[in-house]
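Working through the structure, step by step
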Amino acid sequence: MSSSIRKAINSDALTRLAQAIAVAVSATLAGCSSHVPQTEATHTPNIAARAKQKPIWLSEKPTPQVPQDVWERMRQGFQLQDSLGVNPRIEQQRLWFASNPSFLENAGERGSLYIHYIVERLEERNMPLELALLPVIESAYNPMAYSRANAVGLWQFIPSTGRYFNLRQTRFYDGRRDITASTTAAMDYLTRLHDMFNGDWLLALAAYNAGEGTVSRAIERNEKLGLPTDYWNLPLPAETQAYVPKLLALSQVVLAPEAYGVNLNPIANEPYFQVVEINQRMDLSKVAAVANIDEDELFQLNPAFKQRTTIDGPQHLLVPTSKAQLLTASLSTMRPEELISKKPLKPVFEGSDDSELASLKRAYRVKRGDNLGTIAKANKVDIKDLQRWNKLTGKNLKVGQTLVMQDTTKRSSGRVNTVVAANSKADKQKPQTKYKVKQGDSLYMVAKRFNVEMQHLKRWNPRVGQALKPGQMLTVASPR
């Protein structure tokens, strides 16, 4: 066969093959078959089959699963773990968390009301989700936390910094305790520090703890000496030296809690609370009753209202999501006077804290049908204490009689830093133990540590409110 004939045959075969491919593609695009010659159609199925072996559809990208647990959502947004390597300062802090698993577990329980909100706000700003753990370091996620430097709230703002970031502070309202307002302020502050230190989050965190001036001066010193100016090489105060490693170590524990013996209870990846607008003054106790909300839980969501009444603060309340609709409907049908307690507000003084407020006299006017048992239970006090405080020899009460709800025999003119054990006969029979409050402590944690009931701890320390201050002395009567 001559080369010219071979070329003609090959050319003819290639032409037929090209025609078959064109027909197959046309049929696929048109969605129907046309009149295809039998000799060409016999090749189409094989070509089409080979074409379908590995289809590529741009729309078939795997959709990332939405975490059901906020802890997992947080892990997915960690940004500070890269290039850490082996660091003895981080390892030291990680060892502490592993040796004290209850610290993170308890902080997580308290933070379960707020963490979802904080994670969402951080994501909106594309900030590292490790920052959602900063309140664990600052306040153990206790919005009532109070430091010796007069720092208050989840994010521990001192008065001046709080005012700079528009957190109002009056005798009725403290924006540093406001969950949403203080979170916005903290993120604004951290963002500003991040920009100030050229996008270095570790330096920003150090400045959040020690102040931007302290960190800036440390950087200038190292620059003059020709030394590195990163966080790990700066001569910072001891507390700040441990502050950033503590957050990084805590983040690593959250990444793999089981490896460190920590049990983090799941937190639903959904909003815990909802904002309900209000247009009048309300007492939180009344609001709680209307919406069937636990009063203490409502106060934990709105701790900025120091007197549990909506004076001087924003015209909204945070309420559990499941109760928001009921509250909104109830408020629309109630008269204003139904949401305000008839008894006057307790007197408050500028600069006073909850320990002082708890020491102020509380009174109860006896109503028809009352007895010592019902009154003691409603006010969470012991019957014997009620009798002793009011010098009652029996159990008979008179309608209109005024009863004192706590011991008024001992007063402190300044801040209440020392508490006195109750004088009941049962307490005298038990050995008395003094405990000095540490940073992050709460009544719940102290009660759990000494294996006593919360109600007993409150009774033994009648002048102590829910907010504890480092350095306070508590009396703990350990059971035999």
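Structural notes, computed from the coordinates. (Residues numbered from 1 in each chain as written. Predicted model: local features only at pLDDT ≥ 70, side-chain atom pairs only at ≥ 80, totals over all residues. Heavy atoms only, no water.)

On inspection of all chains with the given rule, the structure shows 11 aromatic pairs. For the ring pair Trp 96 and Phe 103, a centre distance of 5.5 Å and an interplane angle of 75° mean the geometry is edge-to-face. Its relative accessible area of 40% is what places Trp 96 among the partly exposed residues. The buried category is assigned to Phe 103, whose relative accessible area is 18%. Here the aromatic rings of Tyr 164 and Phe 165 are separated by 5.1 Å at their centres, their planes lie at 70°, and the arrangement is edge-to-face. Connected via pairs of aromatic rings, a cluster forms that spans Phe 157, Tyr 164, Phe 165, Tyr 189 and Tyr 208. The positively charged end of Arg 121 is found above the aromatic ring belonging to Tyr 117, 4.7 Å away from the centroid. Stacked on the ring of Phe 299, the Lys or Arg Arg 308 has its end atom at 4.1 Å from the ring centre. (Phe/Tyr/Trp six-rings, centres within 6.5 Å; stacked < 30°, edge-to-face > 60°. Buried < 20%, exposed > 50% of the residue type's maximum accessible area, 1.4 Å probe, protein only. Lys NZ or Arg CZ within 6 Å of the ring centre and 35° of its normal.)

This paragraph deals with helix H16 (residues 321–331). Listing the buried residues of H16 in full gives Ala 324, Leu 327, Ser 330 and Leu 331. Buried residues of H16, seen end-on, are gathered within an arc of 140° and therefore sit on one face of the element. When the buried face of H16 is taken as reference, the exposed residues oriented beyond 90 degrees from it are Ser 322 and Gln 325. As for H16, its buried residues are in contact with strand E1 (273–277), helix H14 (284–291) and strand E2 (316–320). (Helix = DSSP H or I, 4+ residues; strand = E, 2+ residues; numbered from the N terminus. Arc of directions from axis to C-beta. Contact = heavy atoms within 4.5 Å.)

The next thing to look at is helix H5 (residues 88–99). Taking 1.5 Å per residue as the helical rise, H5 with its 12 residues ought to reach 16 Å, and the 16 Å between its terminal C-alpha atoms agrees with that figure. Tucked inside the fold, the buried residues of H5 contact helix H6 (101–111), helix H8 (134–139) and helix H13 (238–255). (Expected span 1.5 Å × (residues − 1).)

So, to be careful, I would describe these as geometric facts and stop short of saying anything about function.
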